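The residues making up each chain are set out below.
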Amino acid sequence: MCGILAVFGCSECSQAKRSRIIELSRRLRHRGPDWSGLHCYQDCYLAHQRLAIVDPTSGDQPLYNEDKTIVVTVNGEIYNHEELRGKLSSHQFRTGSDCEVIAHLYEEYGEDFVDMLDGMFSFVLLDTRDKSFIAARDAIGITPLYMGWGLDGSVWFASEMKALSDDCERFTVFLPGHIYSSKHGGLRRWYNPPWYLEKIPSTPYDPLVLRGAFEKAVLKRLMTDVPFGVLLSGGLDSSLVAAVASRHLVEAKVARQWGSHLHTFCVGLKGSPDLKAAREVADYLGTHHHEFHFTVQEGIDALEEVIYHIETYDVTTIRASTPMFLMSRKIKSLGVKMVLSGEGSDEIFGGYLYFHKAPNKEEFHLETLRKIKGLHLYDCLRANKATSAWGLEARVPFLDKIFINVAMDLDPEWKMVRPDLGRIEKWVLRKAFDDEKSPYLPKHILYRQKEQFSDGVGYSWIDGLKDHANQNVSDAMLMNASFIYPENTPTTKEAYYYRTIFERFFPKNAARSTVPGGPSVACSTAKALEWDAAWSENPDPSGRAALGVHAAAYQESSGPSPIANSALPKKSFTQKLQDGVVELPASVV
């Protein structure tokens, strides 16, 4: 993952501005510690901090077309760059970088080429022939991008808002799936799949089609010239990523350079549910597994640095970012520069436990849409910035553009939780990989109940954060919160504590406006709170807050429940839930 900064239309003298751009670009060096680049053309500046993953020796940025009239700075990976090069046979390439195709595609097709890209990306491109420029962000917002405006009329773009917050009068999140064109003077959507229009799809479920699409998504993300691994929590999503990567690694080009023995990584408090489950999955797959421990105090000590890097005060995001931040530092110390991760599955398949309460398939589907459209503000932001803080790149196969189209085209009736039919959350995904002849995972891992990352690393982590906030935020402070923070007013002491840290680093109103607000339970949107009146009384974003779901998710049904009627003693079943591993009876599997 790299850091980009671009400025157009500055009024200052070129040397002074050049020095300032270099200074601001250094704020992003954690994202790209391998090389720095800067291109200046009149009052236009494109700066880049590079994390070298593909073509480390010659792919330094900015990148150019043949005569250097097109200049581009890119953060991300273009997985289909070899295919695109085939369509550009008349062009001469200078590097082996996957991102160089962007300059040539623009020269060949103009501004309408963005939908041809398959990958995660944010880029800014300058056409020196007419001094026009464009900026674009990938379909879901896997890579971050911000846009700002200076008092002198300048337009700014940066991977993180810390590079904009001092010099821009106003800045905002650049919307995913959009392109900005200086010629047309505004943002427009380039990503417009049928499912995005909120029509209820009707395609029947085919497990082999879903499985095939996901395997291809994982395989294309093995495009790397540096050591890599998989973040393995032991939950369904990360375990499937590890299983597919492990099964097909020997076929990938990277195996010839770095070997076919997959490395996996997990973090947690000692004795946490994730550590136990991840170890079992790693042993089953035969990976080289690395287990990292942290203490509650170590997490608390890192909070300020975490909030500075992830640039949010959202409670759920901070809870989950801190262990990921600590783990990323350990991973980088091993010489690894890229990891695969399982973000996105819960949004696509309705995997969060509150989806048990969805009243019908229409509401279920619309909530998945709301969750996907907000990913760039939550899980994508966390996965990208918590890893990039240490020069580590996270790739997310569940957010593959083709896979999303397949998964979101399914009739949502198949995704709904139906205990009477033996269908738990994400049943369509579990069933797709439930191969009796050639198992991908052990049954009880394949059907393990959902744990949010901040819960799975150890339940005392969240409890410790709340205790720490209670010690630092008084009742009077929380009572007067609406006067201190009238926008997105914190409603808990934990939220108040994070907000005070955020405001020290990012005091402008533009910064606080980049963070979404509103009530939530177990990661729900505010709209989904309408599904259960009791949730309004328990707005904690932890998965445990879905009362009557986390500890007894499969016992609530209008019809007979396989779990409720099973022979498992209640104490044994509850204990297994607390351990994070649920063994389902044969009637469900």
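Asks: Help me get a handle on the overall build of the protein chain, residues and values and all.
Replies: Broken down by element type, the protein chain carries 23 helices and 17 strands. Split into buried and exposed, the 589 residues of the protein chain put 62% on the buried side. For the protein chain, the accessible surface area stands at approximately 21700 Å², while carbon and sulfur atoms represent 51% of it.

Asks: Describe the nonpolar core, with residues and values.
Replies: One recurring pattern in soluble globular proteins is that nonpolar side chains are buried together. If you look at the biggest cluster of nonpolar residues, it comprises 93 residues, and the most contacted ones within it are Ile102, Phe123, Ile140 and Phe403. Ranked by residue count, the leading element in this core is helix 5 (residues 236-248), at 7 residues. Setting aside residues up to four positions removed in sequence, Ile140 forms contacts with Pro176, Tyr191, Ile372, Leu375, His376, Cys380, Leu399 and Ile404.

Asks: Would you mind going over the environment of Asn75 in detail, with residue names and values included?
Replies: Counting through the fold element by element, Asn75 comes out in strand 5 (residues 70-78). Asn75 sits 84 residues away from Ser159 along the chain, and the two C-alpha atoms are 7.8 Å apart. With near-sequence residues (within four places) excluded, Asn75 lies in contact with Met1, Cys2, Ile4, Arg31, Met120, Phe121, Ser122, Thr143, Pro144 and Ser159. A polar side-chain atom of Asn75 sits 2.8 Å from the main-chain amide nitrogen of Cys2.

Asks: Tell me what's going on with the packing of aromatic side chains, and back it up with residues and numbers.
Replies: In the structure shown here, the tally under the stated rule is 37 aromatic pairs. Between Phe502 and Phe506 the ring centres are 5.3 Å apart and the planes differ by 45°, which places this aromatic pair in the tilted class. Side by side, Phe502 and Phe506 carry an identical accessibility label, which is buried. A connected cluster of aromatic rings, assembled from ring pairs, spans Phe113, Phe121, Phe123, Trp190, Tyr191, Trp195 and Tyr196. Across from the ring centre of Tyr64, 4.9 Å away, lies the NZ or CZ of Lys68, which sits over that ring. Cation over ring: Arg247 sits above Tyr440, and NZ or CZ is 3.6 Å from the ring centre.

Asks: Give a detailed account of the layout of surface pockets, specifying residues and quantitative values.
Replies: Its boundaries defined by the atoms lining it, the second largest pocket holds a volume of some 360 Å³. Contributing to the lining of the second largest pocket are 17 residues, with Glu82, Leu222, Met223, Thr224 and Lys253 lying nearest its centre. For the lining of the second largest pocket, the secondary-structure elements that each account for two or more residues are helix 2 (81-86), helix 4 (207-220) and helix 6 (254-258).

Asks: I'd like a description of the pattern of salt bridges, backed by residues and values.
Replies: Where charged atoms from two side chains of opposite charge approach closely, those side chains can pair. Summed over all chains, the structure comprises 43 salt bridges. Between Lys337 and Asp34 there is a salt bridge, with its nearest N and O atoms 2.7 Å apart. With a gap of 303 residues between them, Lys337 in the loop between helix 10 (315-333) and strand 16 (338-340) and Asp34 in the loop between helix 1 (14-26) and strand 2 (35-41) connect regions that are remote in the sequence. One salt-bridge network, held together by shared partners, links Arg31, Glu160, Lys162, Glu311 and Lys385.

Asks: Go over the sheet that holds strand 4 (residues 63-64) with me, naming the residues and quoting the values.
Replies: Each strand in a sheet pairs with its neighbour through backbone hydrogen bonds, running either in the same direction (parallel) or in the opposite one (antiparallel). Strand order in this open sheet of 6 strands is 4-5-6-7-11-12, and the pairing throughout is antiparallel. Whereas interior strands pair on both sides, the edge strands pair on one side only; in this sheet they are strand 4 and strand 12 (186-189). Examined bridge by bridge, strand 11 (residues 178-181) and strand 12 share 4 bridges and lie antiparallel to one another. Each residue of the ladder has a partner; that of His178, found in strand 12, is Arg189. Contacts from helix 3 (residues 101-109) reach strand 4, strand 5, strand 6 (119-127) and strand 7 (132-137) within the one sheet, and its direction differs from that of strand 5 by about 125°.

Procedures and definitions
Residues numbered from 1 in each chain as written. Predicted model: local features only at pLDDT ≥ 70, side-chain atom pairs only at ≥ 80, totals over all residues. Heavy atoms only, no water. Helix = DSSP H or I, 4+ residues; strand = E, 2+ residues; numbered from the N terminus. Buried < 20%, exposed > 50% of the residue type's maximum accessible area, 1.4 Å probe, protein only. Areas by Shrake-Rupley, 256 points an atom, 1.4 Å probe, with all protein chains shown as cover. Core = buried A, V, L, I, M, F, W, Y, C linked by side-chain atoms within 4.5 Å. Contact = heavy atoms within 4.5 Å. Polar contact = N/O pair within 3.5 Å; in protein donor to acceptor, adjacent residues only side chain to side chain. Phe/Tyr/Trp six-rings, centres within 6.5 Å; stacked < 30°, edge-to-face > 60°. Lys NZ or Arg CZ within 6 Å of the ring centre and 35° of its normal. 1 Å grid on protein atoms, 1.4 Å probe; cavity = no way out; pocket = protein on both sides within 12 Å on 5 of 7 lines; lining within 4 Å. Points joined across faces, edges and corners; volume = space filled by probe spheres on them. Salt bridge = Lys/Arg side-chain N within 4 Å of Asp/Glu carboxyl O. Pairing = 2+ DSSP bridges. Axes fitted to C-alpha atoms, helices over the stretch in contact; angles between N-to-C directions.

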